[in-house]
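A look at the structure
In case you want the letters, here they are:
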Amino acid sequence: MNQALLAGFWGLVGGSALVIGAAVPFILSLPQRVIAAVMAVGSGVLISAVAFDLMDEAYHRGGFTATAAGFLGGALVYTIANIVVSRRGARHRKRSGNNPDESQPHASADQAPGTNTGVAIAIGALLDGIPESVVIGTSLIGGKGVSAVVVAAVFLSNVPEGLASAAGMRQAGRSARYIFGVWIGIAIASGLAAMLGNVALAGAAPSFVAAVTAVAAGAILAMLVDTMIPEATEATHDYSGLIAVTGFLAAFCLTKLGG
């Protein structure tokens, strides 16, 4: 299969978890702790992917300067963009249960039930997903196989996000057709981002590829600390650290055995 098409396929696989997550509220009601546990595992896997797949690869490709600059730059850009979408109702887009602000009497207007919070969550999903998808695409550059750790981490982190957004959109009165149309579109966008990342960076200088990879790593780590880890900890409490460690260890083993 053409390398760009293969990158698009794996990006679509990672993005498809959003559609699966959105379907969950229509099929069954999972305990909040189960979804939060999945999020905790995904957090551990993503931390491992950032450390052993992305940053290590970036360093070997382009050295410390390009890697450090990209890493800090990615975290800065993500943080600014995250503040913007959070203020429009997407602060808890990876939340495993209902929006906590709905139970608070002083919740702001952009977080109140019946608003377009679900749409803001969908926009936040694009913000989270683009760096992850680009990394999937770049992992295939040079004829190497796709990073199974990155794909697994993206998949696990997307399930709760799709679930949370679907719940928000249903509360706003959106139809199932609208909800699945949005998430299928974002899943396709994830595949295209992976494909474009592969094509655009295939002939780029190693230092530039390293910087782009580090940008994605910085954005992913910032996303973990800002959204996934706090939400997972809130539901799983004292067990979140242990669950995340199991995810990290599984990804670490997969990285070393695959290498």
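Residues numbered from 1 in each chain as written. Predicted model: local features only at pLDDT ≥ 70, side-chain atom pairs only at ≥ 80, totals over all residues. Heavy atoms only, no water.

1. Digging into the confidence of the model for the protein chain
Worth spelling out the cut-off: Per residue, pLDDT captures the predictor's confidence, and it can take any value from 0 to 100. Throughout, a residue-residue contact means that at least one pair of heavy atoms, one from each residue, lies within 4.5 Å.
Per-residue pLDDT for the protein chain averages 79, and the proportion of residues at 70 or more is 83%. Ignoring residues within four places in sequence, the model shows residues 98–116, a span with pLDDT below 50, making 28 contacts including any to other chains.

2. Quick notes on the packing of aromatic side chains
Put simply, the test is: Whether two aromatic rings pair depends on their centres lying within 6.5 Å, for rings of Phe, Tyr and Trp, where Trp uses its six-membered ring; planes under 30 degrees apart make the pair stacked, over 60 edge-to-face, and the rest tilted. Numbered from the N terminus, helices here are DSSP runs of H or I no shorter than four residues, and strands are runs of E no shorter than two.
Evaluated as defined, the whole model comprises 4 aromatic pairs. Arranged with centres 5.3 Å apart and planes meeting at 45°, the rings of F26 and F180 form a pair that is tilted. One end of the pair, F26, is in helix α1 (residues 3–27); the other, F180, is in helix α5 (residues 176–201), with 154 residues separating them in the sequence.

3. Let's talk about a nonpolar patch on the surface
Filter applied, for reference: Exposure above 30% relative accessible area and no salt bridge define the residues that can form patches, which grow by joining like charges within 9 Å and nonpolar side chains of Val, Leu, Ile, Met, Phe, Trp and Tyr within 5 Å. A 1.4 Å probe and the Shrake-Rupley method give the accessible areas. Residues count as covered only by the protein chains that appear here. Take a side-chain nitrogen of Lys or Arg and a carboxyl oxygen of Asp or Glu: if they are within 4 Å of each other, that pair is a salt bridge.
A surface patch of nonpolar side chains, amounting to about 450 Å² of accessible area, comprises L12, I184, I188, L192 and L196. With respect to the helices and strands, L192 occurs in helix α5.

4. Re the packing of α1 against α5
Any two packed helices are characterised by the angle at which their axes cross and by the distance between the axes. What counts here: Interaxial angle, 0 to 180 degrees, is taken between N-to-C directions of lines fitted to C-alpha atoms, where a helix line uses only the stretch in contact. Here roughly perpendicular refers to angles of 65 to 115 degrees, roughly parallel to angles under 35, roughly antiparallel to angles over 145, and oblique to all remaining angles. Whether a crossing is left-handed or right-handed is set by the direction in which the near helix is turned from the far one by less than a right angle, anticlockwise for left-handed and clockwise for right-handed. Each residue gets one label: Ala, Val, Leu, Ile, Met, Phe, Trp, Tyr, Cys and Pro are nonpolar, Asp, Glu, Lys and Arg are charged, and the others, such as Gly, are polar.
The geometry of α1 relative to α5 is characterised by a closest axis approach of 7 Å and an angle of 155° between their N-to-C directions. Regarding the angle of α1 to α5, the classification is roughly antiparallel. Between α1 and α5 lies a crossing of right-handed hand. In terms of residue class, the contact of α1 with α5 is built from 20 nonpolar, 8 polar and no charged.

5. Digging into the UniProt feature "transmembrane region" (unreviewed entry) in the protein chain
Counted only if it meets this: UniProt positions are given in the numbering used here, feature names are shortened, and annotations may be inferred rather than shown by experiment.
Here the UniProt feature "transmembrane region" (unreviewed entry) sits at residues 6–27, 34–52, 64–85, 178–201, 207–227 and 239–258. Split by type, residues 178–201 is 100% helix and 0% strand. Its first and last C-alpha atoms lie 34 Å apart. Within the segment residues 207–227, helix and strand shares are 100% and 0% respectively, and the terminal C-alpha atoms sit 30 Å apart.

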